[in-house]
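Examination of the molecular architecture
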Amino acid sequence: MQVQSYDAIVIGAGHAGIEAALALAKTGAKTLVTSISPDNVGYMACNPSIGGTGKGHLVRELDALGGFMGIAADACATQIRMLNSSKGLAVRSLRAQEDKYKYHAFTKSALESAQNLSMRQDEVKSVSKSGGDFVVECVTGSVYRAKAVVIATGVYLDSTIICGSSVQKRGPACFSRSDYLADSLRALGFTLRRFKTGTPARLSGRTIDFDKLEIQPGDDVPYTFSALTKKQPKNTTVCYLGYTNEKTHEIIRAALPSAPRQMGLITGTGARYCPSIEDKIVRFADKPRHAFFLEPEGAGTDEWYIQGISTSLPPDVQREMYRSIVGLENVEVVRDAYAIEYECIDARELFPSLMSKRIDGLFFAGQINGTSGYEEAAAQGLVAGINASAYIRGMSPLVLDRTKSYIGVMTDDLVTVGSDEPYRMLTGRAECRLSLRQDNSDLRLTELALPYGTVGADRLRLLKRKKADIKKCEQIIKTRLDEGTVSELFSRAGEGSPCSMTVEEALRRPGVTLELFDEVTGVFDGVMPSAKLEVYAGLRYDSYLKRQDAELKEKSRLENMKLPADLDYSKVDGLRLEAREKLNIAKPLSIGQASRVPGVTPADVWVLIRTIR
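Read on for a plain summary of the structure. (Residues numbered from 1 in each chain as written. Predicted model: local features only at pLDDT ≥ 70, side-chain atom pairs only at ≥ 80, totals over all residues. Heavy atoms only, no water.)

1. Concerning the overall build of the chain
Secondary structure summary: the chain contains 20 helices and 22 strands in total. When the backbone C-alpha atoms are referred to their principal axes, the chain occupies close to 80 × 70 × 50 Å. Long-range contacts, defined here as pairs at least 24 residues apart, represent 72% of the contacts in the chain between residues at least 6 apart. Element-wise, carbon and sulfur atoms account for 50% of the exposed surface of the chain, whose accessible area totals about 25,200 Å². Mean positive and mean negative side-chain charge positions of the chain (80 and 76 charges, respectively) differ by 3 Å. (Helix = DSSP H or I, 4+ residues; strand = E, 2+ residues; numbered from the N terminus. Contact = heavy atoms within 4.5 Å. Areas by Shrake-Rupley, 256 points an atom, 1.4 Å probe, with all protein chains shown as cover. Lys, Arg positive; Asp, Glu negative; His and termini not counted. Charge placed at Lys NZ, Arg CZ, Asp CG, Glu CD.)

Right under this line is the structure:
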């Protein structure tokens, strides 16, 4: 059979595969993306939403680097909300409800229309390297060669769906799974682990009494995920909030012996931050109720997603459980909730570029690296795609610093510390979250991606305009406000002792928000919202940022102390045995990275510093 050649092959067309394929194609690489079925391209098998706490930051950063998810999320949003809006700017995160079927069609169309990109329905059977190129064989007998390969198979590797006593060899939403690739990875020397995640049921909307539930409308916020989106997404749907009750909990407790975990049918490690409802009942036995949200799946369906009640209990138990809840007394279940187990690698086998430490040119992205969530997967996909292209072109990889981005935090956590459970991005994971706000992602990252070819002229024009507007704002804050304006501002803000003052002095007052200031003064009229927000945040966080910068100087010193990639730690005198073993597995590239490896003590770090000096 004739072998077809490409510059790069992306295996999988989920959220990670989409970003990797588009990044490669955009940078000029002739790319093939394979999928078990084109019907699952960009498919939202779990919750029909993008963004959320920490995750919204990832999407904004991905967009700043020239990624696609933000554009798709804006185009397919049915409701948009700013989470944590009452808290500090650093932890605010955008979240959008999506039309999942429109999102699938939108992302599939992007792949189909991209230059340099071909899509093929096929199941990859094996990946090997021969003569400097990769050989990718499929179950149909098709064979492809490429200089680089990105594996982005999501949760499809040897996956099983578990619901009650039923165990099916299927992928998400009963799509076909990957039956052979896991064995090929083992043959290449990779150690695979079994993780588990779950997805809630889908309920029939016409059988829900929405009047008994609390309505959750969207926000009219001046934000989008993508800087390139020109029109603010409209809120065309609402969500609903409800609660379980003691009767619900009694039903679940009585059914625990029939839970798949109890019967030994589930062995994989689940996500700490997304527990099943049965785990919640056991772990939080003192709580009389648990919240859930009802979210529409899309405009063309009557199905509703019940966020917060994932389970793998038998179908008859699920039906009884849901019907014990106020508003769901007569509900019909369209699709049962289920758990899904799958194989994934230990991401400590990867460099920060997401390239394998064993095999040059082989990259991994998404849930195969042990993460959870669409946003985490997409961000890894973009990094892997950019770096696969850089590898082909002989360029240095793009490695994002954890002090400069949430994507950097995630990749550093994965390749340095690893994860014993599905990894989820949280704002609390970032030491520098005061400066890693979603609104300044472009200022932090866009120019870093410029040499790699994913950033277009339109995005650069927006960045240039934003920088110019920031300079305008920095001049505006030095001007003085008249006493009448200050008096009105302070009266509405609940502040005392009004007098003539500068814009900067007024904005530093605790009760003066940027929204109120704009409403009363209008001095920032005509400048980009993100530009004035950047200046405002700098004023409000000034003392904290100075303290953070001082701490970062020492961390930066350690990060800049490089370690040889081929250093044999078993031969480093003075290191403890545990540290030698852990460091030989992690192969850190700097002293800072070595200090974050579990089992490495401060004393071990000083041994390394003395060694390289």
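Once the structure has been displayed, the description carries forward.
2. Comments concerning the sheet that holds strand S5 (residues 93–98)
Reading across the sheet, the three strands line up as S3-S5-S4 and stay open at both edges, with antiparallel pairing between neighbours. Unpaired on one side and paired on the other, strand S3 (49–51) and strand S4 (77–83) mark the two borders of the sheet. Looking at each pair of strands side by side, their axes are set apart by 20° on average, direction ignored. Sheet topology note: the S3/S5 ladder contains three bridges and is antiparallel. (Pairing = 2+ DSSP bridges. Axes fitted to C-alpha atoms, helices over the stretch in contact; angles between N-to-C directions.)

3. Points about the pairing of strand S9 (residues 143–151)
In terms of burial, S9 is a largely internal element, seven of the nine residues being buried. Pairing geometry for strand S8 (residues 133–138) and S9, over four bridges, is antiparallel. Paired with Val136 across the strands is Tyr144, a residue of S9. Between S8 and S9, which pair antiparallel one after the other, the connecting turn spans four residues, and Gly141 there sits at a positive phi close to 100°. (Buried < 20%, exposed > 50% of the residue type's maximum accessible area, 1.4 Å probe, protein only.)

4. Quick look at helix H11 (residues 441–449)
All of the buried residues in H11 are Ser441, Asp442, Arg444, Leu445, Thr446 and Ala449. Buried positions in H11, seen along its axis, are confined to an arc of 165° and lie on one side of it. Those residues of H11 hidden inside the fold are in contact with helix H2 (55–64) and helix H12 (457–476). (Arc of directions from axis to C-beta.)

5. Describing the nonpolar core
Formed by 100 residues in total, the largest nonpolar core has its most connected members in Ile50, Val150, Ile151, Leu362 and Phe364. With ten residues, helix H9 (residues 374–393) is the largest single contributor of residues to this core. The residues touching Ile50, leaving out its near neighbours within four places in the chain, are Met44, Val59, Met69, Ala73, Leu94, Arg95, Ala96, Glu98, Tyr103, Phe225, Tyr374 and Glu375. By size, the runner-up hydrophobic cluster in this structure holds 31 residues, among which are Ala90, Phe524, Ala531 and Val535. (Core = buried A, V, L, I, M, F, W, Y, C linked by side-chain atoms within 4.5 Å.)

6. Let's talk about the packing of helix H1 (residues 15–26) against H9
In contact at an axis separation of 7 Å, H1 and H9 are set at 30° when each is read in the N-to-C sense. The angle between the axes of H1 and H9 places the two elements in the roughly parallel class. Regarding H1 and H9, the two cross each other, and that crossing is right-handed. Along the contact surface, H1 presents His15, Ala16, Glu19, Ala20, Ala23 and Leu24, while H9 presents Tyr374, Ala377, Ala378, Gly381, Leu382, Gly385, Ile386, Ala388, Ser389 and Ile392. (Parallel < 35°, antiparallel > 145°, perpendicular 65-115°, else oblique. Left-handed = near helix turned anticlockwise from the far one by under 90°.)

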